[in-house]
Amino acid sequence: GQNIDQPTEMTATEGAIVQINCTYQTSGFNGLFWYQQHAGEAPTFLSYNVLDGLEEKGRFSSFLSRSKGYSYLLLKELQMKDSASYLCAVRVSGNQFYFGTGTSLTVIP
Amino acid sequence: DSGVTQTPKHLITATGQRVTLRCSPRSGDLSVYWYQQSLDQGLQFLIQYYNGEERAKGNILERFSAQQFPDLHSELNLSSLELGDSALYFCASGSLNTEAFFGQGTRLTVV
């Protein structure tokens, strides 16, 4: 089976940096994805890692260590609109995507 | 706009009834995925189809079934509905080595 863990809730201050961690135990690993989801809306793709290391996309960066089964999403220069749920997802061979329960981030002034 | 279309957006029905949710994938995507998201819950993988064939099953109840048609659109059928089936149902599509693209979801309320 697939086991994906991430913190349930986090709070951070506008303008600050926040790191959301994700650990996973899967078979047939084929990529780690981060999605953002506002309440009642569709998840939208943020970033993707298949090799170890850091991927940077503007204010968002994602890191992967396959040997440790660990990833994090780093959000810089936080804005109020970044308040949302952040979903860690693992793609496995066969192209299925399994999601963690999500981290609800609240950005405060 | 992800390019994935789901209908209807909202559905209210009574317990014991049957409903069908419809999904049109992005042009060119052969894989269709169905997910269930209950209040304050994560996305639960239900089932995946690839080019008309069932590829993988997740936590899908026996009361639920799905299919993918030759034009690649997909339908999720939910029968003998219970109050606990009230949730957001998302369809996503993708191709090899791409991310999954999500539709806007169907909010099902069972009363």
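Structure shown above.
Below, the structure is looked at part by part. Everything numeric here is computed off the predicted structure, so don't read it as measured data. (Residues numbered from 1 in each chain as written. Chains lettered and ligands numbered in written order. Predicted model: local features only at pLDDT ≥ 70, side-chain atom pairs only at ≥ 80, totals over all residues. Heavy atoms only, no water.)

With respect to the packing of aromatic side chains
Worth spelling out the cut-off: Pairs were defined over the aromatic rings of Phe, Tyr and Trp, the Trp ring being its six-membered one, requiring ring centres within 6.5 Å. Orientation was assigned from the angle between planes: stacked under 30 degrees, edge-to-face over 60, tilted for the rest. Secondary structure elements follow DSSP: runs of H or I no shorter than four residues count as helices, runs of E no shorter than two count as strands, and numbering proceeds from the N terminus. Burial classes: relative accessible area under 20% of the type maximum marks a residue as buried, over 50% as exposed, and values in between as partly exposed (1.4 Å probe, protein chains only). In this scheme, Lys NZ or Arg CZ marks a charge over a ring once it lies within 6 Å of the ring centre and within 35 degrees of the ring normal.
As enumerated under the stated definition, the model contains 18 aromatic pairs over all chains in all. Summarising the aromatic geometry, the rings of Phe-33 of chain A and Phe-97 of chain A are spaced 5.1 Å apart at their centres and angled 70° between planes, so their arrangement reads as edge-to-face. Of the two residues, Phe-33 of chain A sits in strand β4 (residues 29-37) while Phe-97 of chain A sits in strand β10 (residues 96-99), which places them 64 residues apart along the sequence. Its relative accessible area of 0% is what places Phe-97 of chain A among the buried residues. The ring of Phe-101 of chain B carries Arg-26 of chain B above its face, with NZ or CZ at 3.7 Å from the centroid. Geometry around Tyr-50 of chain B places Arg-55 of chain B over its ring, the cationic atom sitting 4.6 Å from the centre.

Regarding the environment of Tyr-98 of chain A
Heads up, the condition is: Whether two residues are in contact is decided by their heavy atoms: any pair within 4.5 Å suffices.
Looking at the element boundaries, Tyr-98 of chain A is found in strand β10. Each C-alpha atom of the pair Tyr-98 of chain A and Phe-33 of chain A lies 9.7 Å from the other, and the pair is 65 residues apart in sequence. With residues near it in sequence (within four places) discarded, Tyr-98 of chain A still touches Gln-2, Ile-4, Cys-88, Ala-89, Val-90 and Val-92 of chain A together with Phe-45 of chain B.

A short note on the interface of chain A and chain B
Think of interface size as the accessible area that goes away when the parts come together; that is how it is often given. In plain terms, the rule: Accessible-area loss on putting two parts together, using a 1.4 Å probe and summing over both, is the definition of buried area adopted here. In what follows, salt bridge is the name for a side-chain nitrogen of Lys or Arg lying within 4 Å of a carboxyl oxygen of Asp or Glu. Pairs of N or O atoms within 3.5 Å make up the polar contacts considered here, provided that, within protein, one atom can donate a hydrogen while the other can accept it, and that residues adjacent in sequence are counted only when both atoms are side-chain atoms.
If you look at the interface, chain A gives 18 residues, while chain B gives 22 residues. With both sides pooled, the region where chain A packs onto chain B buries about 1600 Å², and carbon together with sulfur makes up 53% of that total. Contact with chain B buries area across many residues of chain A, yet Asn-95, Phe-97 and Phe-99 of chain A alone supply 29% of it, more than any other trio. Summed over the shared surface of chain A and chain B, the number is zero salt bridges. Taken together, the links from chain A to chain B amount to eight residue pairs in polar contact (both at pLDDT 80 or more).

Considerations on the nonpolar core
Test applied: Take the buried residues of types Ala, Val, Leu, Ile, Met, Phe, Trp, Tyr and Cys, join any two whose side-chain atoms come within 4.5 Å, and each joined set is a nonpolar core.
Residues Trp-34, Leu-75, Tyr-86, Phe-99 and Leu-105 of chain A together with Tyr-35 and Phe-102 of chain B are the most contacted members of the largest nonpolar core, which totals 39 residues. Ranked by residue count, the leading element in this core is strand β9 (residues 84-92) of chain A, at seven residues.

Focus: the state of the cysteines
Our working definition: When two cysteine sulfur atoms lie within 2.5 Å, the pair is treated as a disulfide.
As enumerated under the stated definition, the model contains two disulfides over all chains in all. The disulfide bridge from Cys-22 of chain A ends at Cys-88 of chain A, spanning 2.0 Å between sulfur atoms. The S-S bond linking Cys-22 of chain A to Cys-88 of chain A shows a torsion near -65°; that makes this disulfide left-handed. With Cys-22 of chain A in strand β3 (residues 18-25) and Cys-88 of chain A in strand β9, the pair connects residues that are 66 residues apart, well separated along the chain. Covalent S-S linkage joins Cys-23 of chain B and Cys-91 of chain B, the inter-sulfur distance amounting to 1.8 Å. Looking down the S-S bond of the Cys-23 of chain B and Cys-91 of chain B bridge, the torsion is -55°, so its handedness is left-handed. Of this pair, Cys-23 of chain B sits in strand β3 (residues 19-24) while Cys-91 of chain B sits in strand β9 (residues 87-94), and the two are 68 residues apart along the sequence. Both residues of the pair, Cys-23 of chain B and Cys-91 of chain B, count as buried.

Everything listed here is a matter of geometry and, on its own, says nothing about what the molecule does.
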